[in-house]
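A closer look at the structure
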Amino acid sequence: MAKGNEIIVGLDVGTTKICTVVGEVKPDGSVDIIGVGRAASKGLRKGIVVNIESTVESIKSAVEHAERMAGVEIRSVNVGIAGGHIKGFNSRGVIAVKGGEISQADIDRVVEAAKAVAIPLDREMLHVITNEFIVDGQDGVMDPRGMAGVRLEAEVHIVTGAVAAVQNLVKCCEKADLEVADIVLEPLASAEASLDQDEKDLGIGIVDIGGGTTDIALFHQGSICHTSVIAIGGNQFTTDLAVGLRVTMPEAERIKVEHATTLMSNIKENEMIRLKSALNSSTSSKRVKEVPKTYLLDIIQPRTEELLNLVRREIEESVCGKMITAGIVFTGGATQLDGMLELAEDILDIPVRRAVPTGVGGLVDTVSDPRHATGVGLVLYGVKKEFANFDMRSLSEDGLFFGILNRMRSWVEGLFKF
Ligand SMILES: Nc1ncnc2c1ncn2[C@@H]1O[C@H](COP(=O)(O)OP(=O)(O)OP(=O)(O)O)[C@@H](O)[C@H]1O
Ligand SMILES: [Mg+2]
């Protein structure tokens, strides 16, 4: 069964779908997608596991599909995490260099110093990403090893999450007989599949609007400067339509995907849409009625504006908000809402584009969908971590990777003691 090349698997545990993406790393370092498995997700709310059994079933089903398509057995996965509990912030550490030349031990010490921030007991560090080093006041140093200096500083971006939410995600994977190779913040994974280094150098943001959450990551000068998760996504639009039109959720979902728009100019004069009312009448089990399409706009547009204004506020209040000059890249299923990008460009007042995952070969058509940015990104993140060309920034994250794995192991061990 096993293939000759290394296999890296991404597991995107989303609010509406669970998606397993299998990547095969070729000898030249490029990645082919060789399997994709999807299953409806029933055990999550707003990006957080709320039902272990349903989530395990969905994970198993998505993994089995991917295994069949790829012809490999999946044992270990890079799993994505999101949810309103995620918080990202920047921190700085300072040390005196021993012996006048910066060694790996100095680098480890300065990163430790930057990590030394008070975190509540119910939260855990998920990522500590070293963005740059500053040697004797000179900033922008990526690899200070071997440099002369007396004062070494490190700028890091720290992402924390609620221990319970992480534990439940790990628990679901373990129950589905999967080993968790790493837990990755979803917007970081989506960025891996959707942004290139030039854009990150210039200043760019990624906004992934899924079913339950809107995940944001901002980059400037090649480094990550802001991450956050807003607990609103496309499902909120569906709920609004269901309530406003008095239809069932599946019918509201259909209406949203087929008819909803945020643009008046996309509605023809007196355009009507047919829908099945949720009300059972005495004469027929389902009532079909017609409503003006502008009704949908009246419901959908304010909600979309509200969400995009929250995104705008997040960007404006971040330390690098003013430096996001290249624009904002949108991914996630909910960005397919008709008129979403036009409204986003107006509200954010910056160029926007919708991205589909790039940087991979193989089953490109299958993953060419903004909903797959996270799954493909998890594979690319795993490949980057696993293989050599991991630069200095990531190198100093090494300790973190092992740290996370060890911590996760202890959490999981703790879980089974309950
Ligand atoms: N054509 C479309 N128009 C509007 N919305 C759409 C369309 N296609 C998909 N969606 C919405 O996209 C959402 C699902 O997107 P996605 O698969 O990225 O979410 P997820 O990864 O499951 O959730 P999350 O990342 O929030 O946990 C759903 O709310 C769905 O209704
Ligand atoms: Mg998602």
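Residues numbered from 1 in each chain as written. Chains lettered and ligands numbered in written order. Predicted model: local features only at pLDDT ≥ 70, side-chain atom pairs only at ≥ 80, totals over all residues. Heavy atoms only, no water.

1. Points about the state of the cysteines
Tallied over the full model, the rule gives one disulfide. Shown here is the disulfide that connects Cys225 with Cys320, its sulfur atoms set 2.0 Å apart. Torsion about the S-S bond of the Cys225 and Cys320 cystine: about 75°, corresponding to right-handed handedness. Of this pair, Cys225 sits in strand E14 (residues 223-230) while Cys320 sits in the loop between helix H8 (293-317) and strand E17 (327-331), and the two are 95 residues apart along the sequence. Its relative accessible area of 2% is what places Cys320 among the buried residues. (Disulfide = S-S within 2.5 Å. Helix = DSSP H or I, 4+ residues; strand = E, 2+ residues; numbered from the N terminus. Buried < 20%, exposed > 50% of the residue type's maximum accessible area, 1.4 Å probe, protein only.)

2. Comments concerning the site of ligand 1
Near ligand 1 you find 20 residues, and of these Thr15, Thr16, Gly212, Glu253 and Lys256 are the closest. Between Thr16 and ligand 1, the recorded distance is 2.6 Å, taken from a side-chain N or O atom to an oxygen atom. Residue Gly211 places a main-chain N or O atom 3.0 Å away from an oxygen atom belonging to ligand 1. Contact with the protein chains hides 92% of the accessible area of ligand 1, taken as 660 Å² for the molecule alone. Those elements that provide at least two residues to the shell around ligand 1 are helix H6 (234-245) and helix H7 (249-259). A per-class count over the shell around ligand 1 returns three nonpolar, 12 polar and five charged. (Near = heavy atom within 4 Å. Polar contact = N/O pair within 3.5 Å; in protein donor to acceptor, adjacent residues only side chain to side chain. Areas by Shrake-Rupley, 256 points an atom, 1.4 Å probe, with all protein chains shown as cover. Nonpolar A, V, L, I, M, F, W, Y, C, P; charged D, E, K, R; others polar.)

3. Observations regarding the pattern of salt bridges
For the coordinates displayed, the defined rule picks out 21 salt bridges. A salt bridge links Glu112 to Lys115, with the shortest nitrogen-to-oxygen separation between them at 3.3 Å. Taken together, the positions of Glu112 and Lys115, both in helix H2 (residues 104-115) and three residues apart, correspond to about one turn of that helix. A relative accessible area of 48% places Glu112 in the partly exposed class. Overall, the relative accessible area of 22% leaves Lys115 in the partly exposed class. With its nearest N and O atoms 3.0 Å apart, the salt bridge here joins Asp369 to Arg371. What makes Asp369 buried here is its relative accessible area of 14%. Bridged by salt links that share partners, the residues Arg92, Arg151, Glu153 and Glu155 form one connected network. (Salt bridge = Lys/Arg side-chain N within 4 Å of Asp/Glu carboxyl O.)

4. As for the environment of Met264
Tracing the backbone shows Met264 in the loop between H7 and strand E15 (272-277). Spatially, the C-alpha atom of Met264 lies 7.3 Å from that of Leu297, the residues being 33 residues apart in sequence.

5. What to know about the confidence of the model for the chain
Mean pLDDT over the chain works out to 90, with 90% of the residues at or above the 70 mark. Under a pLDDT of 50 for its full length, residues 389-403 has, in the predicted model, 32 contacts with residues more than four places off or in other chains. Taken as a whole, residues 409-418 scores under 50 in pLDDT and shows seven contacts with residues more than four places along the chain or in a different chain. (pLDDT = per-residue confidence, 0-100. Contact = heavy atoms within 4.5 Å.)

6. Focus: unusual backbone geometry
The residue Asp136 is not glycine, and still its phi comes out positive at about 45°. Position of Asp136 among the secondary structure elements: in the loop between strand E8 (123-135) and strand E9 (138-141). Look at Asp136 and you get partly exposed, because its relative accessible area is 42%. With a phi close to 60°, Asp177 is a non-glycine residue in the positive phi region. With respect to the helices and strands, Asp177 occurs in the loop between helix H3 (163-175) and strand E11 (179-185).

7. Some points on the pairing of strand E1 (residues 6-13)
Where burial is concerned, most of E1 is hidden: six out of the eight residues are buried. Where E1 meets strand E2 (residues 17-25), eight bridges bridge the pair, whose relative direction is antiparallel. Bridged to Ile8 within E2 is Gly23. Counted between consecutive antiparallel strands, the loop separating E1 from E2 contains three residues. Bridge analysis of E1 against strand E6 (residues 76-81) gives two bridges, and the strand direction is parallel. Along E6, the bridge assignment pairs Leu11 with Val79. (Pairing = 2+ DSSP bridges.)

8. A look at the sheet that holds E6
Taking strand neighbours across the sheet as the criterion, the six strands line up as E11-E6-E1-E2-E3-E19 in an open arrangement whose pairing is mixed. A strand with exactly one partner marks an edge of an open sheet, and here the two such strands are E11 and strand E19 (361-362). Relative to the sheet, helix H1 (residues 52-70) contacts E1, E2 and strand E3 (31-40), its axis offset from that of E3 by approximately 145°. The strands touched by helix H4 (residues 186-194) within the sheet are E1, E6 and E11, with E11 carrying the most contacts at an inclination of about 85°. (Axes fitted to C-alpha atoms, helices over the stretch in contact; angles between N-to-C directions.)

9. Remarks on the pairing of E9
Sheet topology places E8 next to E9; two bridges connect them, and they run antiparallel. When the bridges of E9 are listed, Val135 appears paired with Gln138. Linkage of E8 to E9, two consecutive antiparallel strands, is achieved through a turn of two residues, within which Asp136 is found at a positive phi near 45°.

10. Thoughts on the nonpolar core
Membership of the largest hydrophobic core comes to 49 residues, with the highest contact counts inside it found for Leu11, Ile59, Leu178 and Phe219. Residues from two domains meet in this core; each of domain 1 (87-161) and domain 2 (197-354) gives at least three. Non-local contacts of Leu178, meaning those with residues more than four positions away in its chain, are made with Leu11, Ile59, Val63, Ile74, Arg75, Val77 and Cys173. The next biggest cluster of nonpolar side chains, apart from the first, holds 39 residues, and it includes Ile209, Ile273, Cys320 and Val352. (Core = buried A, V, L, I, M, F, W, Y, C linked by side-chain atoms within 4.5 Å. Domains from an automatic or database assignment.)

11. A few points about helix H11 (residues 373-386)
If you check H11, its first and last C-alpha atoms are 20 Å apart, about what 14 residues at 1.5 Å a residue would give, namely 20 Å. Of the residues making up H11, those classed as buried are Ala373, Thr374, Gly375, Val376, Gly377, Leu378, Val379, Leu380, Tyr381, Gly382, Val383 and Lys385. (Expected span 1.5 Å × (residues − 1).)

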